[in-house]
Amino acid sequence: MRELLFKNLTSLEKGRKVICISDLSSKDGYLAHTQRQFIYLVRDAENIREALSNPVFYILKIHDSKQKKEKLFFKVKGNFFVVADNHIRIVYFCHSFKIELSDISKANHQIPH
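Here the structure is a predicted model, which means the values were calculated and not measured.

Trainee: Tell me about the packing of aromatic side chains, and name the residues and values.
Mentor: All told, the structure shown has two aromatic pairs when counted by the stated rule. Arranged with centres 6.4 Å apart and planes meeting at 15°, the rings of F74 and F97 form a pair that is stacked. You can see F74 sitting in strand β5 (residues 69-84) and its partner F97 sitting in strand β6 (residues 87-103), a full 23 residues away along the chain. Arranged with centres 6.0 Å apart and planes meeting at 40°, the rings of F80 and F93 form a pair that is tilted. Of this pair, F80 sits in strand β5 while F93 is found in strand β6, placing the two residues 13 residues apart along the sequence. Owing to a relative accessible area of 37%, F80 belongs among the partly exposed residues under this scheme. Classification of F93 as buried rests on a relative accessible area of 17%.

This is the structure:
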């Protein structure tokens, strides 16, 4: 069994784009739920030196032996600059990737809509 959900939410007026991909699959008695999310915000760059920041990287791992579940979460946040129409713009981004593994007999998952 495999379910796939793809969302693409774009707002040109607000300078925002969100892409989300969820995947729910089962194999060999285990259920795997993965979710990838990409968020971009575009703004005019006023002060380049103040706006520039180092990327931030998060990793979280949870293991529950009793419920036979394992979760892994990655997140990267940062920004970069682009030149478009002779204007310098800053693009803020956040990429995340979540994995949940569980025993099918104890799982009750559905892809969120």
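There's more to say after this.
Trainee: A description of the sheet that holds strand β2 (residues 16-27) should follow, citing residues and the corresponding values.
Mentor: Across the sheet, which stays open at both edges, the six strands sit in the order β1-β2-β3-β6-β5-β4 with antiparallel pairing between neighbours. The open sheet terminates on both sides in strands that have one partner only, identified here as β1 (2-11) and β4 (56-64). On average, adjacent strands in this sheet sit at an angle of 10° to one another, irrespective of strand direction. As paired strands, β1 and β2 are joined by 10 bridges and run antiparallel to one another. Its bridge partner lying in β2, R2 is registered against S25.

Reading guide: rules and limits
- Residues numbered from 1 in each chain as written.
- Predicted model: local features only at pLDDT ≥ 70, side-chain atom pairs only at ≥ 80, totals over all residues.
- Heavy atoms only, no water.
- Phe/Tyr/Trp six-rings, centres within 6.5 Å; stacked < 30°, edge-to-face > 60°.
- Helix = DSSP H or I, 4+ residues; strand = E, 2+ residues; numbered from the N terminus.
- Buried < 20%, exposed > 50% of the residue type's maximum accessible area, 1.4 Å probe, protein only.
- Pairing = 2+ DSSP bridges.
- Axes fitted to C-alpha atoms, helices over the stretch in contact; angles between N-to-C directions.

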